[in-house]
Structures are given as C-alpha cells and as structure tokens.
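Results of the structural survey
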Amino acid sequence: VNSAAFLALLAPPQSPSAAMGFLGIRLLSLAALVARAAAFDFDDEAPAAAVPAKPKPAPETSKTVSLLHRIGDAGAFAERSKLWYREAASAGGGLRVRLGPAKLSGAERDAFAALLDSGGHYTLRLPSNFSAPADSPPVFASVSACSLAESRFEEAIELTFSTAGTLTSVSYTVPAASECPPTLPLAATEVGFSTTVTITYPSEGPRPIGRVHDAAFLPHQAAKAQQEAAKASGGKDGDGKPQEPPKSFLQQYWMYIVPVFLALSMGGGEAPKEGGEGGGEGCRVDTAREVAE
C-alpha cells in the first residue's frame, strides 16, 4: 500500500454510506494483520543454550576438641570451651582452627578471685593428637593469674604443629607485664575471654642432594652393627638388594682431582738458555779483568 492510499484510508468519510464502507475496510485490514501475526512461527528462533547448573560446594566438615583449663596450681582440669578445626582446602594444606567463646562465672569466678589473692597460675591443656585426644599426651601452657586479670582477660594462643599434624607446643601470652599491682578489680558476676588463636608450622631445613645411605644417619656403633648384620645375612640390606661397600675419598672425587693433576703436570718447562749463557760469559770476562789487574 502506497502513502497516498494509506492517507485516503485515514481520511474521514463524507457520507453515511461512505462511513460504512470505511468501517468495512478497517475491519478487513485488521483481520489481515491478525492472520499475518498468527502465521508467524515463534519456534523458528534458535533455542537459547542451556546454562549448566553450578555444582554446590561440599559442606565444610569441622571437628571439635575440648580446651581444658585449671584455676590454680593443683586440682583437676575442666572444659573451658570447644576448639573447632578442619583441614584447609588451599594448596598449602594445614589446619584451620576456631575457638569458641569462654567466660568465668559462678564458682570458677570465685576460684579465680581467690587465686588473685593467693597468687598462682592459670593453665590450659590440649591433646597433642586431635584425632585421638584420649590416647595422646597432653600439652600444657600457663600464665600468671594476676597478669591475665590485668590484661582484662585478653590472651593470645599460638599452636605449633609438626609436619605430621601433631601439636608440639602451645604458646600462651598476655599483653600485661609480669609484675602485678596489689589489688585488681574483678567483675562481680562473670568475666569473658578475648582470645586470638594462631597456627604455626616448623620451617624445613636444607636437604642433602641425592640419596643418602641409611647408615649415614646412625652413630658409628649403630652403623657398624648394621654392617655386621648385613654381612651375616649375605651382604644384603633390608630391601633384599646387595649392599654397596662404602667408597673412599678418591673413588668419590676422582673426576675433580685428575684434571687438576694434569694441569699441574703439563704446565712450566726449562728456563731459557740464552739469558743463562750471556750471564756466564759476562762473569768470565769480569774474572779475566780482575786477574789482569
């Protein structure tokens, strides 16, 4: 439909009969538009690519171990709070720990107040093996009770683990000085701890290059006994392989000694003869002159 015909359709009718015809034309145009829209297939569009669902991360499983404490230098230990730990998911590995809240109230608060008057220590206790706390040796750490009270129960606990995951030591420090004032105020009902927990691992030292024989780490008597046992068993070590005899110094470092020896033997030579002969003649002439004189 050109623009002139389209404008003629939009022009208002001049008579009733023309108005009826104009309405019919509009209805026919509307029906044609509806039929065209119905014939359009929306399924021709390319379906959108399905977005794969992201896997849900596995829930982090944490284990707990009891942190025990003792108020005073004697008596039994009681549970102070829980220590949550889990394996770290990073490449470095190790453990991640989190200490639950702790406070002194009731009888424990009264016992700590009496300990301030008499003087003594506040002690913590943890198992060396978190996986088997009942069967592992405990690790202790203590601090002065008055220093803990003067620090407003702000404490720092440093746990040192071995490469095998065993707790080797506990460092328990407070920011206050070792000397305490004569009297320290203590809350009437309860006191809470403000704890910072850190984990450290020992740094590995230098390692020897290559394979070192097992006898090199033993004392002389133990290494000698191992050699005698190997001779008695047919000259074989524990793996069933023939044991190699120890090498001497020249057998181990001959490739460094031979080049130096060759360089020293090939260098140098005889002294030049011309200088020597000239010197000799000069000496003879001088001697002749002395005789003539």
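Heads up: these notes are all about the structure in this document.

1. Remarks on the overall build of the protein
A count of helical and extended segments in the protein gives seven helices and 10 strands. Among the 293 residues that make up the protein, the fraction classed as buried is 20%. Across the protein, every contact between residues at least 6 apart in sequence was considered, and the portion connecting residues at least 24 apart equals 56%. Looking at the protein as shown, the accessible area adds up to about 22,100 Å², and 59% of this sits on carbon and sulfur atoms.

2. Concerning empty space enclosed by the protein
Following the criterion strictly, the structure yields two cavities of 30 Å³ or more and no others. Counted as a void, the largest cavity has a volume near 40 Å³. Every residue along the wall of the largest cavity is listed here: Leu 67, Leu 83, Leu 99, Leu 126, Ile 157, Leu 159 and Val 197. Taken together, the residues that form the lining of the largest cavity break down as seven nonpolar, no polar and no charged. The space that makes up the second largest cavity amounts to roughly 40 Å³. Together, Leu 67, Leu 124, Arg 125, Leu 126, Val 139, Phe 140, Ala 141 and Val 170 line the second largest cavity. Looking at side-chain class alone, the lining of the second largest cavity contains seven nonpolar, no polar and one charged residues.

3. Some details on the pattern of salt bridges
Applying the stated criterion across every chain yields a total of four salt bridges. A salt bridge links Glu 79 to Lys 82, with the shortest nitrogen-to-oxygen separation between them at 3.6 Å. The partner of Asp 110 in a salt bridge is Arg 109, with the nearest N and O atoms 3.5 Å apart. Here Asp 110 falls in the partly exposed class, since its relative accessible area comes to 46%. Classification of Arg 109 as buried rests on a relative accessible area of 14%.

4. Observations concerning the sheet that holds strand β1 (residues 63-71)
On the basis of which strands lie adjacent, the open sheet formed by five strands has the order β3-β2-β1-β5-β6 and antiparallel pairing. The open sheet has two edge strands with one neighbour each: β3 (95-99) and β6 (138-144). In this sheet, neighbouring strand axes are inclined to one another by 25° on average, regardless of whether the strands run parallel or antiparallel. In this sheet, strand β2 (residues 78-87) lies alongside β1 in antiparallel orientation, the contact comprising seven bridges.

5. Let's talk about the layout of surface pockets
The space that makes up the second largest pocket amounts to roughly 270 Å³. Along the walls of the second largest pocket sit 13 residues, with Tyr 85, Arg 86, Glu 87, Leu 95 and Ser 131 positioned nearest its centre. When residues of the lining of the second largest pocket are assigned to their parent elements, the largest contribution, three residues, is made by β2. A class-by-class count of the residues in the lining of the second largest pocket yields four nonpolar, five polar and four charged.

6. A look at a nonpolar patch on the surface
A cluster of nonpolar side chains, namely Phe 249, Leu 250, Tyr 253, Trp 254, Met 255, Tyr 256, Ile 257, Val 258, Phe 261, Leu 262 and Met 266, defines an oily patch on the protein surface of about 1,200 Å² accessible area. Mapped onto the elements, Leu 250 comes out in helix α6 (residues 249-266). A relative accessible area of 56% places Leu 250 in the exposed class.

7. Thoughts on the nonpolar core
Of all hydrophobic cores here, the largest spans 35 residues; its most connected members are Phe 112, Tyr 122, Leu 148, Phe 153, Leu 159, Leu 167 and Tyr 172. Not counting chain neighbours up to four residues away, the residues in contact with Leu 159 comprise Leu 83, Leu 126, Leu 167, Ser 169, Val 170, Val 197, Thr 198, Ile 199 and Thr 200.

8. Quick look at the sheet that holds strand β8 (residues 167-173)
Read across the open sheet, the three strands follow the order β8-β7-β10; overall the sheet is mixed. A strand with exactly one partner marks an edge of an open sheet, and here the two such strands are β8 and β10 (194-200). The mean angle between the axes of side-by-side strands here comes to 15°, regardless of whether they run parallel or antiparallel. One ladder, built from seven bridges, connects strand β7 (residues 154-161) with β10; its direction is parallel. When the sheet's bridge partners are listed, Leu 159 is paired in β10 with Ile 199.

Thresholds, definitions, all that
- Residues numbered from 1 in each chain as written.
- Predicted model: local features only at pLDDT ≥ 70, side-chain atom pairs only at ≥ 80, totals over all residues.
- Heavy atoms only, no water.
- Helix = DSSP H or I, 4+ residues; strand = E, 2+ residues; numbered from the N terminus.
- Buried < 20%, exposed > 50% of the residue type's maximum accessible area, 1.4 Å probe, protein only.
- Contact = heavy atoms within 4.5 Å.
- Areas by Shrake-Rupley, 256 points an atom, 1.4 Å probe, with all protein chains shown as cover.
- 1 Å grid on protein atoms, 1.4 Å probe; cavity = no way out; pocket = protein on both sides within 12 Å on 5 of 7 lines; lining within 4 Å.
- Points joined across faces, edges and corners; volume = space filled by probe spheres on them.
- Nonpolar A, V, L, I, M, F, W, Y, C, P; charged D, E, K, R; others polar.
- Salt bridge = Lys/Arg side-chain N within 4 Å of Asp/Glu carboxyl O.
- Pairing = 2+ DSSP bridges.
- Axes fitted to C-alpha atoms, helices over the stretch in contact; angles between N-to-C directions.
- Patch = residues over 30% accessible without salt bridge, like charges linked within 9 Å, V, L, I, M, F, W, Y side chains within 5 Å.
- Core = buried A, V, L, I, M, F, W, Y, C linked by side-chain atoms within 4.5 Å.

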